[in-house]
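Chain residues, written in single-letter form:
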Amino acid sequence: KIPLTEINVMIGQNGAGKTNFISLFKFLRNIIEGRLKNTSLKTGAENLLYYGSKQTDEIHILLSFYPNFYEIFLEPAKNDSLFISLEQAGYWLKSQGSEEPIRELISADTEESLIEKKAKVGNGVISNVYRVLKEWRVYHFQDTSESAGVKKYCSIADNLFLFEDASNLASFLYLLKERHFEYYERIVKTVQLVVPYFKDFLLRPNPFNPETIRLEWTDKYSDKVFTANELSDGSLRFICMATLLLQESLPEIILLDEPELGLHPSAITILSGLLRKASKRSQVIVSTQSVSLVNEFEPEDIIVVENKDGETLFKRLDADKLETWMESYSLGDLWDKNIIGGNP
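These figures come from a predicted structure and were not determined experimentally.

## Things to note about the packing of helix H7 (residues 181-194) against helix H8 (residues 233-246)
Two elements in contact, H7 and H8, have axes whose closest approach is 9 Å; the angle formed by their N-to-C orientations is 145 degrees. Once H7 is placed against H8, the crossing between them reads as right-handed. Contacts from Tyr-183, Arg-186, Ile-187, Thr-190, Val-191 and Val-194 of H7 reach H8 at Phe-238, Ile-239, Ala-242, Thr-243 and Leu-246. Grouping the amino acids of the contact of H7 with H8 by side-chain chemistry returns eight nonpolar, two polar and one charged.

Next up, the structure:
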């Protein structure tokens, strides 16, 4: 059971379970979009079940976002995939001083979820739950290789939302510049704080194929036009994160796995400010290994993730219990010294 607040920074040693927790939301997205069979076949049910089917006979997930909740039970099939034994949505009903769950069936004994189909026919509870689940996005900007999608041409029409790998960054920025210039300008000014030689993006349809666009930018000290290939990995990742966190309409939940990779300590400070600001408009969940990033948050923002006896444990820090320690040490120091846990 993991209570979540508006901002949640998970820390812990390698293999503790932070990435598993983030991956849960990607897994759920595949489920609600009808890709359970392909996803579970690709990974294998034996690998998804805790120590395999001999020890674990089902996966049970319950997500509560008051007043609604979503619940699903998954069991292994003969072909090493998973099937849905039970899926339901519901709400909490207050009655005589307590609350009881009222459930509505979505699907049972099926290969794929029926939530999208049932949401479209106008069912109130299921529609509300589907709308929230569909808005949860896991962002991962680590791929900055030569073949990364963010460095290639993309369709200029792919601008409804920023893709999880930012492969449509150019078209998304193009839309912001044309329709929401205030937000676009804020992104540019924030990028300039981290990349001081950066002047502006040059966003123009491909002259040889106007239906496509790629990320281009200009330098304060040159008339030359540069592409994403001529940005450092850290600079490109920061541009992706600034665009995500400063856009007009944020997803319901933003999940980021190790967003600090490749960033200078001063950039990490700016990133932490963007995360805190975004948490006022969206729920933010971050997994990190960075002492510098942890130092930018309050104790109550931190969730320590540890693996004990094969079980992943999640513990939110108590500011009152750390008050004396915080007089002499930073949160990062306490983590480094293993005072708050999260280390081997």
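There is more to say, and it comes next.
## Remarks on the layout of surface pockets
Estimates place the volume of the second largest pocket at around 300 Å³. Lining of the second largest pocket is provided by 16 residues; of these, Lys-26, Arg-29, Val-138, His-140 and Glu-164 occupy positions nearest its centre. Broken down by secondary-structure element, the contributors of at least two residues to the lining of the second largest pocket are helix H1 (18-32) and strand S6 (136-139). Of the residues forming the lining of the second largest pocket, the biggest block, seven residues, is contributed by H1.

## Focus on the packing of aromatic side chains
Per the counting criterion, the structure on display carries 15 aromatic pairs. Considering the side-chain rings of Tyr-197 and Trp-217, the 6.0 Å spacing of their centres and the 45 degrees angle between planes classify their relative orientation as tilted. Remark: Trp-217 occurs in strand S10 (residues 216-219) and Tyr-197 occurs in the loop between H7 and strand S8 (198-201); sequence separation between them is 20 residues. Between the aromatic rings of Trp-325 and Tyr-329, the centroid separation amounts to 5.9 Å while the plane-to-plane angle is 45 degrees, which identifies the pairing as tilted. Its relative accessible area of 33% is what places Tyr-329 among the partly exposed residues.

## Quick notes on the environment of Val-188
Relative to the elements of secondary structure, Val-188 occurs in helix H7. Taking the C-alpha atoms as reference, Val-188 lies 7.9 Å from Lys-199; in sequence the two are eleven residues apart. Leave out the neighbours within four places in its chain, and Val-188 touches Phe-198, Lys-199, Asp-200 and Phe-201.

Reading the values: rules and limits
- Residues numbered from 1 in each chain as written.
- Predicted model: local features only at pLDDT ≥ 70, side-chain atom pairs only at ≥ 80, totals over all residues.
- Heavy atoms only, no water.
- Axes fitted to C-alpha atoms, helices over the stretch in contact; angles between N-to-C directions.
- Helix = DSSP H or I, 4+ residues; strand = E, 2+ residues; numbered from the N terminus.
- Left-handed = near helix turned anticlockwise from the far one by under 90°.
- Contact = heavy atoms within 4.5 Å.
- Nonpolar A, V, L, I, M, F, W, Y, C, P; charged D, E, K, R; others polar.
- 1 Å grid on protein atoms, 1.4 Å probe; cavity = no way out; pocket = protein on both sides within 12 Å on 5 of 7 lines; lining within 4 Å.
- Points joined across faces, edges and corners; volume = space filled by probe spheres on them.
- Phe/Tyr/Trp six-rings, centres within 6.5 Å; stacked < 30°, edge-to-face > 60°.
- Buried < 20%, exposed > 50% of the residue type's maximum accessible area, 1.4 Å probe, protein only.

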